[in-house]
Amino acid sequence: MKRILCFAAAAIAAGLLDWLPDSRGDVGGLLPVQTLVLSLEDGRLLLEGGEDLRGTGRTWNEAMEDLCATAPGDAFFGTTGQIVLVEGTEALLPEVLGDDRLRPAARVYAGRGGVEPEGATAFLEAQKGGITLQALQAAALEGRNVPLEQLVCEDGRYRLHEG
């Protein structure tokens, strides 16, 4: 009982002295990224998250930092449901798998055509399938190569093909 009281007193003292981190924040400034599309533009990586969320860079980290820095609020990746690696960006999959800002339950697809975040979100949320980021991380640790389902955009219409 004494230990519990001592711990409680220490926590109260730390809170009063502002030693504890402040986890409060304004959620009104969060910009949820539902679908993150990776593509190449002029030899640079382009990340698009919809609603004015764009970032470019030579590497994954540079592009993510640019997206967060240029966002009109705080880009929030905890709601990301889909990640689409458009042709030429598949080599970045290990960097995507290693980024702890991304939601482990996000489904990952390979993409072809003019995939855009808003259209892809509407289509993919109505579909079942796709492999999750977490399942790909596990496969990578086991040394297994898992093919990604292909999201194809032709004339503004989306289709899924087996990887």
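Since the structure is predicted, the reported quantities are computational estimates derived from the model, not experimental observations.

1. A short note on the nonpolar core
Judged by nonpolar contacts, the single largest core of 28 residues is most densely connected at Leu 36, Leu 38, Leu 47, Trp 60, Ile 83, Leu 102 and Val 108. Mapped onto this core, the elements with two or more residues apiece are β2 (35–41), β3 (44–50), α2 (60–70), β6 (82–86), α3 (93–97), β7 (107–113) and α5 (133–142). If you tally residues by element for this core, the top one is α2, at four residues. Apart from residues lying up to four places away in sequence, Leu 47 is in contact with Leu 36, Val 37, Leu 38, Leu 53, Arg 54, Gly 55, Trp 60, Ala 63, Met 64 and Leu 67. Grouped together as the second largest cluster of nonpolar side chains are 11 residues, Tyr 109, Val 115, Leu 124 and Leu 151 included.

2. Concerning helix α4 (residues 117–125)
Within the span of α4, buried status applies to Pro 117, Gly 119, Ala 120, Thr 121, Phe 123 and Leu 124. Looking at the buried positions of α4, the neighbouring elements they touch are β2, β3, β6, β7, β9 (150–154) and β10 (157–161).

3. Things to note about the pairing of β3
Here is the key point about a regular strand: its side chains alternate between the two faces of the sheet. β3 sits mainly inside the fold: six of its seven residues count as buried. When β2 meets β3, the two strands line up antiparallel, connected through five bridges. The residue bridging Ser 39 from the neighbouring strand is Leu 46, located in β3. The antiparallel hairpin formed by β2 and β3 contains two residues in its connecting segment, where Asp 42 sits at a positive phi of about 55°. The pairing of β3 with strand β4 (residues 53–57) spans five bridges and is classified as antiparallel. Counted as the bridge partner of Gly 50 is Leu 53 from β4. Between the antiparallel neighbours β3 and β4 lie two residues, among them Glu 51 with a positive phi of about 45°.

Criteria and cut-off values
- Residues numbered from 1 in each chain as written.
- Predicted model: local features only at pLDDT ≥ 70, side-chain atom pairs only at ≥ 80, totals over all residues.
- Heavy atoms only, no water.
- Core = buried A, V, L, I, M, F, W, Y, C linked by side-chain atoms within 4.5 Å.
- Buried < 20%, exposed > 50% of the residue type's maximum accessible area, 1.4 Å probe, protein only.
- Helix = DSSP H or I, 4+ residues; strand = E, 2+ residues; numbered from the N terminus.
- Contact = heavy atoms within 4.5 Å.
- Pairing = 2+ DSSP bridges.

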